[in-house]
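Residues per chain are reported as follows:
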Amino acid sequence: MRSLIVEDDPISGKMLLKVLSAYGHCDLAENGRQAIDTFKQSLDQAEPYDLICMDISMPGMDGQKTLRRIREIEKKAGIDNDHEVKVFMTTAMNETSQVSDALFNGGASGYFVKPLRVEAFIEELKHLDLIGD
């Protein structure tokens, strides 16, 4: 599994890296702009990501805008909904309206409140067939 972690908080980023690196290659981006550039590069190199974990609240381009841009890039590349990257949004707060927007309008696959409950996170990876049992 190839994963991209988009997180401006170094502690949260390292924790996600520790969990996800057990299942494959991981890249880190500190903000939305870096995430978009890294995502485009993965498509250009024919090594697309299977999963993106992205913070909703980031300085500059927030997670919602970044997710919308990623979905636009996928559409332009001819990637249909069944083959688009799975995206988990993460948040430190209960940002109900932002989470709803990311899930229903942005096409996120799910969300997790920080601090991350690792067991629930791994179960969701299994549920989406990103990792085996």
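Residues numbered from 1 in each chain as written. Predicted model: local features only at pLDDT ≥ 70, side-chain atom pairs only at ≥ 80, totals over all residues. Heavy atoms only, no water.

Enquirer: Please clarify how the pairing of strand β3 (residues 51–55) should be interpreted in this entry.
Expert: For a regular strand, the rule is simple: side chains alternate between the two faces of the sheet. The element β3 is extensively covered by neighbouring structure, given that 5 of its 5 residues are classed as buried. Two strands pair when backbone bridges link them, and strand β1 (residues 3–6) and β3 are joined in this way by 4 bridges, in the parallel orientation. Pairing of Leu 4 across the sheet is with Ile 52, part of β3. Alignment of β3 against strand β4 (residues 86–91), held across 5 bridges, turns out to be parallel. Paired with Met 54 across the strands is Met 89, a residue of β4. Regarding topology, helix α3 (residues 63–76) serves as the crossover connection from β3 to the parallel β4, and that connection is right-handed. (Buried < 20%, exposed > 50% of the residue type's maximum accessible area, 1.4 Å probe, protein only. Helix = DSSP H or I, 4+ residues; strand = E, 2+ residues; numbered from the N terminus. Pairing = 2+ DSSP bridges. Right-handed = clockwise from strand over helix to strand, strands pointing away.)

Enquirer: Looking at this structure, how should I read unusual backbone geometry?
Expert: The general pattern is negative phi for most residues beyond glycine and trans for most peptide bonds. With an omega dihedral of 5°, the bond running from Lys 114 to Pro 115 counts as a cis peptide bond. Within the element layout of this structure, Pro 115 appears in the loop between β5 (110–113) and α5 (118–127). Of note in the backbone geometry, Ala 46 takes a positive phi value of approximately 55° without being a glycine. In this fold, Ala 46 is placed in the loop between α2 (32–44) and β3. A positive phi angle, close to 60°, is found at Asp 129, a residue other than glycine. Asp 129 sits in the exposed class, given a relative accessible area of 67%.

Enquirer: Whenever I open this one, the pattern of salt bridges confuses me. Can you help?
Expert: Opposite charge on two side chains permits them to pair, given that their charged atoms come into close proximity. Applying the stated rule across the entire model yields 8 salt bridges. The salt bridge involving Arg 2 is made with Asp 27; its shortest N-O contact spans 4.0 Å. With Arg 2 in the segment before β1 and Asp 27 in strand β2 (residues 26–29), this residue pair connects regions lying 25 residues apart in the sequence. On the basis of relative accessible area, Asp 27 is assigned to the partly exposed category, the value being 22%. For Glu 84, the salt bridge identified is with Arg 71, shortest N-O distance 3.7 Å. Note that Glu 84 is positioned in the loop between α3 and β4 and Arg 71 in helix α3, a separation of 13 residues in sequence. (Salt bridge = Lys/Arg side-chain N within 4 Å of Asp/Glu carboxyl O.)

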